[in-house]
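Descriptive structure summary
Below are the chains, spelled out letter by letter.
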Amino acid sequence: MIKHVVMWKLKEVAEGKTRNENAEVMKKLLEDLPSKIEELINAEVGINILEGTDDAVCDVVLTTECASEEDLKTYAVHPDHQKVVDFIKKVVTERRVVDYVL
């Protein structure tokens, strides 16, 4: 089992929406992916609840599980995932990723 974790910092305003509004859009888009991508076992999205200016604070975190590295790679290039990626790239300033074996 492979765990895929991504954390983002969002722009204050992007695509006509506030940071919090875009965080909610991201959450919906990402949590819909398991129903569209067979290789994605689950997707959990959290939105940071604490305000702060600390450089270590991120706004959104995604945690997913795939059965194998091959499934993770298939998910990464899947057209439905790429549509979500296209939106996310427009609203974020930073991204961090960790992939590991459970």
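My aim in this report is to walk through the structure given alongside it, one point at a time.

**Description of the packing of helix α2 (residues 69–77) against helix α3 (residues 79–91)**
Look at α2 against α3: their axes get within 5 Å of each other, and the N-to-C directions meet at 60 degrees. One element, α2, and the other, α3, form an angle in the oblique class. Contacts between α2 and α3 involve Y75, A76 and V77 on the former and, on the latter, P79, H81 and Q82. Classifying every residue of the contact of α2 with α3 gives four nonpolar, two polar and no charged.

**Details of the pattern of salt bridges**
Inspection of the entire model under this criterion finds seven salt bridges. Linking K28 and D32 is a salt bridge whose minimum nitrogen-to-oxygen distance equals 2.7 Å. Of the two residues, K28 and D32 both sit in helix α1 (residues 19–32), four residues apart, roughly one turn of that helix. Where R96 meets E94, a salt bridge forms, and the shortest distance between an N and an O atom there is 3.5 Å. R96 gets classed as exposed once you look at its relative accessible area, which sits at 53%. Here the salt bridges do not stand alone but share partners, grouping E12, R19 and D59 into one network.

Cut-off values and rules
- Residues numbered from 1 in each chain as written.
- Predicted model: local features only at pLDDT ≥ 70, side-chain atom pairs only at ≥ 80, totals over all residues.
- Heavy atoms only, no water.
- Axes fitted to C-alpha atoms, helices over the stretch in contact; angles between N-to-C directions.
- Helix = DSSP H or I, 4+ residues; strand = E, 2+ residues; numbered from the N terminus.
- Parallel < 35°, antiparallel > 145°, perpendicular 65-115°, else oblique.
- Contact = heavy atoms within 4.5 Å.
- Nonpolar A, V, L, I, M, F, W, Y, C, P; charged D, E, K, R; others polar.
- Salt bridge = Lys/Arg side-chain N within 4 Å of Asp/Glu carboxyl O.
- Buried < 20%, exposed > 50% of the residue type's maximum accessible area, 1.4 Å probe, protein only.

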